[in-house]
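Chains, contacts and geometry: an overview
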Amino acid sequence: MLDKLIETNNNIINQTNDEDKKKKHLLIKKMLEDKQCFFKMNIETSYAVLRELNIPEEDLKNVYSELIDSSNIV
């Protein structure tokens, strides 16, 4: 799942012409380099990042749960 989020973020960076949006997504890119970043963020920040990555509101809980599932730790 994290790989999919990284790919989505990279696509957003490459496709946007909005400098503010690009800066925000470059920061998210840096955060996602840490494979355990969602363990280190509080839930509100995690949900905000997922929203920025175009995860639908109704899927946030499931995606977040998958990201922090200890069986998925690399």
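This text follows the structure it describes.
Residues numbered from 1 in each chain as written. Predicted model: local features only at pLDDT ≥ 70, side-chain atom pairs only at ≥ 80, totals over all residues. Heavy atoms only, no water.

In this section: the environment of valine 49. On the secondary structure map, valine 49 appears in helix H4 (residues 43–52). Here the alpha-carbon distance between valine 49 and isoleucine 28, two residues 21 residues apart in the chain, equals 7.2 Å. Setting aside anything within four residues of it in sequence, one finds valine 49 in contact with Ile28, Met31, Phe38 and Met41. (Helix = DSSP H or I, 4+ residues; strand = E, 2+ residues; numbered from the N terminus. Contact = heavy atoms within 4.5 Å.)

Another aspect to go through is the packing of H4 against helix H5 (residues 60–67). At a minimum axis separation of 10 Å, H4 and H5 run at an interaxial angle of 115°. By the angle between their axes, H4 is roughly perpendicular relative to H5. You can see that H4 and H5 cross each other, and the crossing is right-handed. For the pair H4 and H5, contact is made by Ile43, Ser46, Tyr47, Leu50 and Arg51 and by Leu60, Lys61, Val63, Tyr64 and Leu67, respectively. (Axes fitted to C-alpha atoms, helices over the stretch in contact; angles between N-to-C directions. Parallel < 35°, antiparallel > 145°, perpendicular 65-115°, else oblique. Left-handed = near helix turned anticlockwise from the far one by under 90°.)

Attention now moves to the packing of aromatic side chains. Each aromatic ring pair is summarised here by two numbers: the centre-to-centre distance and the angle between the ring planes. Scanning the model with the defined rule gives one aromatic pair in all. Ring geometry for tyrosine 47 versus tyrosine 64: centroids 5.6 Å apart, planes at 70°, classification edge-to-face. Here tyrosine 47, found in helix H4, pairs with tyrosine 64, found in helix H5; they are 17 residues apart in sequence, far enough to count as distant. Accessibility expressed as a relative area gives 11% for tyrosine 64, which makes it buried. (Phe/Tyr/Trp six-rings, centres within 6.5 Å; stacked < 30°, edge-to-face > 60°. Buried < 20%, exposed > 50% of the residue type's maximum accessible area, 1.4 Å probe, protein only.)

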